[in-house]
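Analysis of the macromolecular model
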Amino acid sequence: MNEERALLEFVNVTGTSRKTYRLQDISFSLPAGFMAGIAGENGAGKTTMFEYIMNPKRQYAGSILLNGKEVHDDYVSLRQQIGFVSEKNQFFMEKSARENAKLAACLFDRWDYDLFEKTMKEMGVSSTKQLSKLSRGEYMKFQTAYAMAHHPVLYLLDEVTAGMDPVFRIDYFKLLQSLMEDEDISVLMISHIQEEMERKMDYIGIMEEGRLISWEESV
């Protein structure tokens, strides 16, 4: 692994918006080239952490840094550098995966359509299928291929393995591990399945009631 340069940092992040769950004094550092998982029960604040990063409006006090820069100082640039996979993502559900991918070319500077098609094929999902007809597992696979196609440096994965069959979960983590061959990339996954992440991740965090009660390197 590479020298531990921080890719993503939360520094005393506390929520200020009444519209989302308020996180309380969250601090951690995720080095470049590593995978991390944050576990916790539903309502612990895991998804809110991602919302604080992805929402164009700043909803927190403290700092969220990507490669040393506050993410909300330049939201357009931020969006180029993060691959976000979540059921809350909005796509054109009446269109096919391929049609959605072609529309993405105007959104991302480094869009790679060939990589999108290649990844979809490797994961066994038809790119001609309408998004509304995909199973939950297929929809997460589509989003992963979509995220990979714009070459982000940080992947944020929101409960992606829920609904996937056990065999594909193994393949999915192998796919994530292959991303780590690029030492400038990091992965942050949130899940309620702590045991699954303990076996796969370099760092493990635990959240309870809006607080990050632990953040440790996995043994």
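Structure: above.
Residues numbered from 1 in each chain as written. Predicted model: local features only at pLDDT ≥ 70, side-chain atom pairs only at ≥ 80, totals over all residues. Heavy atoms only, no water.

When you go through the protein residue by residue, the secondary structure sums to seven helices and ten strands. Counting every position in the protein, which comprises 219 residues, the buried fraction comes to 52%. Look at the contacts in the protein between residues 6 or more apart in sequence, and 69% of them connect residues 24 or more apart. A total of about 10,800 Å² of accessible surface is found on the protein, and carbon and sulfur atoms cover 47% of it. (Helix = DSSP H or I, 4+ residues; strand = E, 2+ residues; numbered from the N terminus. Buried < 20%, exposed > 50% of the residue type's maximum accessible area, 1.4 Å probe, protein only. Contact = heavy atoms within 4.5 Å. Areas by Shrake-Rupley, 256 points an atom, 1.4 Å probe, with all protein chains shown as cover.)

Before going further, it helps to spend a moment on the nonpolar core. Grouped together as the largest cluster of nonpolar side chains are 41 residues, with contacts concentrated most on Phe116, Phe142 and Leu157. Elements with a minimum of two residues in this core: β3 (35-39), α3 (97-103), α4 (113-122), α5 (136-148), β7 (154-158), α6 (166-179), β8 (186-191) and β9 (203-208). With residues near it in sequence (within four places) discarded, Phe142 still touches Phe91, Ala97, Asn100, Phe116, Met120, Leu131 and Leu134. Counting residues in each nonpolar core, the second largest holds 33 residues, with Ala44, Ile53, Tyr60 and Leu188 among its members. (Core = buried A, V, L, I, M, F, W, Y, C linked by side-chain atoms within 4.5 Å.)

In this section: the environment of Glu198. Positionally, Glu198 belongs in helix α7 (residues 194-200). Here Glu198 is in contact with Ile204 and Ser218, once residues within four sequence places are set aside.

A word on α5. In a regular helix each residue adds 1.5 Å, so 13 residues correspond to 18 Å; α5 covers 19 Å between its end C-alpha atoms and thus fits that length. Extensive coverage of α5 is indicated by the burial of twelve of its 13 residues. Turning to α5, its buried residues number three or more, namely Gly137, Glu138, Tyr139, Met140, Lys141, Phe142, Gln143, Thr144, Ala145, Tyr146, Ala147 and Met148. Residues of α5 that are buried sit in contact with β6 (82-85), α3, α4, β7 and α6. (Expected span 1.5 Å × (residues − 1).)

Attention shifts here to the side chain of Asn100. You can see Asn100 is positioned in helix α3. Overall, Asn100 belongs to the buried group, its relative accessible area being 3%. At 2.9 Å, the side chain of Asn100 and the backbone oxygen of Ser96 are in polar contact. (Polar contact = N/O pair within 3.5 Å; in protein donor to acceptor, adjacent residues only side chain to side chain.)

Judged from the six bridges that link them, strand β1 (residues 6-15) and strand β4 (residues 60-66) form a sheet pairing that is antiparallel. Its bridge partner lying in β4, Glu9 is registered against Leu65. The antiparallel hairpin formed by β4 and strand β5 (residues 69-70) contains two residues in its connecting segment, where Asn67 sits at a positive phi of about 50 degrees. (Pairing = 2+ DSSP bridges.)

Our focus in this paragraph is the sheet that holds strand β10 (residues 211-217). Read from one edge to the other, the open sheet built from six strands follows the order β6-β7-β8-β3-β9-β10, with strand pairing classed as mixed. Across the chains shown, the open sheet's two edge strands, defined by having one partner strand only, are β6 and β10. Adjacent strand axes in the sheet meet at a mean angle of 15 degrees when their direction is disregarded. When β3 meets β9, the two strands line up parallel, connected through four bridges. Among the inter-strand pairings, Ala39 is bridged to a residue of β9, identified as Ile206. (Axes fitted to C-alpha atoms, helices over the stretch in contact; angles between N-to-C directions.)

Below, the discussion takes up α6. An α-helical segment advances 3.6 residues per turn. Residues three or four places apart therefore align on the same side. Compared with an ideal rise of 1.5 Å per residue, which puts 14 residues at 20 Å, α6 spans 21 Å between its outermost C-alpha atoms and is within 8% of the ideal. If you check which residues of α6 are buried, you get Phe168, Tyr172, Phe173, Leu175, Leu176 and Leu179. One side of α6 holds all its buried residues, which, seen down the axis, span an arc of 150 degrees. Opposite the buried face of α6, by more than 90 degrees, sit the exposed residues Pro166, Val167 and Lys174. Elements that come into contact with the buried residues of α6 comprise β3, α5, β7, β8 and α7. (Arc of directions from axis to C-beta.)

Treat this as a map of the structure, not an account of what it does.
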